[in-house]
Amino acid sequence: MVVDSTDSNERLLTEAGQIAAGTDTPLVLLTRITEDEIVENAETLQAMSDAANTPLESNSAREVATRFASQAADEAFESVDGTVEYDAVTVVADEGEFADEVIRVADERGCDHVYVAGRQRSPTGKALFGDTAQRVVLNFDGPVTILTE
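Residues numbered from 1 in each chain as written. Predicted model: local features only at pLDDT ≥ 70, side-chain atom pairs only at ≥ 80, totals over all residues. Heavy atoms only, no water.

- If you look the protein up in an unreviewed UniProt entry, it shows as UspA domain protein from Haloferax gibbonsii.

Following this line, the structure appears as structure tokens:
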């Protein structure tokens, strides 16, 4: 499941968690950061590290993104009957590369279903998939669940 900061993220996490708990299947939670975010966060994290006299981890921006996914999942899974096992993974990818990374991680981890949030783009409210969601639907060899905001 792709974890992001959209409004539909908690609903999607809850639905994926219910299915995972009901089938006793672990989830892979995937979030992303960009190279630009790493550079921006590195400067802030370095300043905080210097002020606190603590060493800065080399992958701190990635760790923060992974913790975000884990915290979002823990909150969403509180309402799920049963236990939801999951592994949070963060990839570094720009928007145009993210769909390929979703499919790569899903294939590497043996995922048989992908959950992703879509976007509404037209003024009339017609739900159109975002570029990432659309590319995943077209290229993933399995079912894809898309929840639009």
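### Focus on the pairing of strand β1 (residues 27-33)
On a regular strand, one side chain projects to one face of the sheet and the next to the other, so that they alternate.
Next, step 1: Along β1, 6 of the 7 residues are buried, which leaves the element largely enclosed by surrounding structure.
Next, step 2: Pairing of β1 with strand β2 (residues 86-92), which is carried by 7 bridges, proceeds in the parallel orientation. Within the sheet, the bridge partner assigned to Ile33 lies in β2 and is Val92. (Buried < 20%, exposed > 50% of the residue type's maximum accessible area, 1.4 Å probe, protein only. Helix = DSSP H or I, 4+ residues; strand = E, 2+ residues; numbered from the N terminus. Pairing = 2+ DSSP bridges.)

### Description of helix α4 (residues 95-108)
Next, step 1: For α4, spanning 14 residues, the distance from its first C-alpha to its last is 20 Å, which sits close to the expected 20 Å at 1.5 Å a residue.
Next, step 2: The set of residues buried in α4 consists of Phe98, Ala99, Glu101, Val102, Ile103, Val105 and Ala106.
Next, step 3: Note on α4: the residue one or two positions beyond its end, Gly110, has a positive phi of about 70°. (Expected span 1.5 Å × (residues − 1).)

### Quick notes on the packing of α4 against helix α5 (residues 131-139)
Next, step 1: One way to put it is that α4 packs onto α5 with a least axis distance of 9 Å and a crossing angle of 35°. Along this stretch, α4 crosses α5, giving a crossing that reads as right-handed. For the pair formed by α4 and α5, the contact residues are Glu95, Gly96, Phe98, Ala99, Asp100, Val102 and Ile103 on the first element and Thr132, Arg135, Val136 and Asn139 on the second.
Next, step 2: Classifying every residue of the contact of α4 with α5 by side-chain character gives 5 nonpolar, 3 polar and 3 charged. (Axes fitted to C-alpha atoms, helices over the stretch in contact; angles between N-to-C directions. Left-handed = near helix turned anticlockwise from the far one by under 90°. Contact = heavy atoms within 4.5 Å. Nonpolar A, V, L, I, M, F, W, Y, C, P; charged D, E, K, R; others polar.)

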